[in-house]
Amino acid sequence: MDCFTFDADDESQTRAFGAALARALPERATVSLCGTLGAGKTRLVQAVARACGVEGSQVVSPTFVLIQEYQGRRPVYHIDAYRVRDEDEFEQLGPEEYFEGPGVTLVEWADRVERCLPTDRLDVRVEVTGEHSRRFEVRVLGRLDGTILDRLAEAVLEADDRVPGP
């Protein structure tokens, strides 16, 4: 599988998807997040962080701070490249320290600094499909283990089994 797509009908399904993504990610994983303003990138980061043991209310968009570090059962590094002028400014933040760190690094607006990101990463495209619905398209880039997508699909199914139906 080279691409996994998940359609979330509402924010609770986005949270479930984020939790499944957190379970599928290996240590030292970098996730690039791309989507329009308000697409749900930060909501997804909140869900991943919560699943990693971080208090959900701690996770906010780092737009003005640029990098937030959260400690949970596993560290979560949240980088926002929206206000970064160029790749040189991004490099000055020292992102390689996070990419090589023991946790999970999530980069919002990653398309702005794509050449600075590790070649081995997960790419998540977030698309607004309705007022509360989103489409998440996930691809493995570089030499990252392609079974991540299989683990993600399994984790999504497990989460779906735990959610009571109508």
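Residues numbered from 1 in each chain as written. Predicted model: local features only at pLDDT ≥ 70, side-chain atom pairs only at ≥ 80, totals over all residues. Heavy atoms only, no water.

Caption draft 1: Structural context of a negative patch on the surface. On the surface, Glu69, Asp86, Asp88, Glu91, Glu96, Glu97 and Glu100 cluster together to form a negatively charged patch. The residue Asp86 is located in the loop between strand 4 (76–80) and helix 3 (87–92) in this model. By relative accessible area, Asp86 is classed as partly exposed at 37%. (Patch = residues over 30% accessible without salt bridge, like charges linked within 9 Å, V, L, I, M, F, W, Y side chains within 5 Å. Areas by Shrake-Rupley, 256 points an atom, 1.4 Å probe, with all protein chains shown as cover. Salt bridge = Lys/Arg side-chain N within 4 Å of Asp/Glu carboxyl O. Lys, Arg positive; Asp, Glu negative; His and termini not counted. Charge placed at Lys NZ, Arg CZ, Asp CG, Glu CD. Helix = DSSP H or I, 4+ residues; strand = E, 2+ residues; numbered from the N terminus. Buried < 20%, exposed > 50% of the residue type's maximum accessible area, 1.4 Å probe, protein only.)

Caption draft 2: Spotlight on the nonpolar core. Among the nonpolar cores identified, the biggest contains 37 residues, and Phe4, Phe17, Leu122 and Leu152 are the most heavily contacted of them. With six residues, helix 5 (residues 147–162) is the largest single contributor of residues to this core. Aside from chain neighbours lying at most four places away, what touches Leu152 is Phe4, Phe17, Ala20, Leu21, Ala24 and Val138. Counting 16 residues, the second largest nonpolar core, distinct from the first, contains Leu66, Ile79, Ala81 and Phe90. (Core = buried A, V, L, I, M, F, W, Y, C linked by side-chain atoms within 4.5 Å. Contact = heavy atoms within 4.5 Å.)

Caption draft 3: Representation of the environment of Pro95 in the model. Structurally, Pro95 is set in helix 4 (residues 95–99). Taking the C-alpha atoms as reference points, Pro95 and Lys41, separated by 54 residues in sequence, lie 19 Å from one another. Ignoring sequence-local partners within four residues, the contact set of Pro95 consists of Ile79 and Phe90.

Caption draft 4: Up close: the pattern of salt bridges. Applying the stated rule across the entire model yields ten salt bridges. Put simply, Arg121 and Glu114 hold a salt bridge, and the shortest N to O gap is 3.4 Å. The class of Arg121 is buried, set by a relative accessible area of 5%. Residue Arg139 pairs with Glu137 through a salt bridge whose shortest N-O separation is 3.4 Å. Residues joined in a network through salt bridges with shared partners are Glu11, Arg15 and Arg43.

Caption draft 5: Structural context of the packing of aromatic side chains. The tally for this structure, following the rule as stated, stands at four aromatic pairs. Taken together, a centroid distance of 4.8 Å and an interplanar angle of 45° make the contact between Tyr82 and Trp109 tilted. Linking Tyr82 in the loop between strand 4 and helix 3 with Trp109 in the loop between strand 5 (104–108) and strand 6 (121–128), this pair joins segments that are 27 residues apart in sequence. Residue Trp109 is classed as buried on the basis of its relative accessible area, which comes to 14%. (Phe/Tyr/Trp six-rings, centres within 6.5 Å; stacked < 30°, edge-to-face > 60°.)

Caption draft 6: Region of the structure containing helix 2 (residues 41–51). By the criterion of burial, helix 2 is predominantly enclosed, with eight of the eleven residues buried. Residues of helix 2 that are buried include every one of Lys41, Thr42, Leu44, Val45, Gln46, Ala47, Val48 and Ala49, and no others. Contacts made by the buried residues of helix 2 are with helix 1 (11–24), strand 2 (30–35), strand 4, strand 5, strand 6 and strand 7 (134–141). A positive phi of about 95° marks Gly53, the residue just after helix 2.

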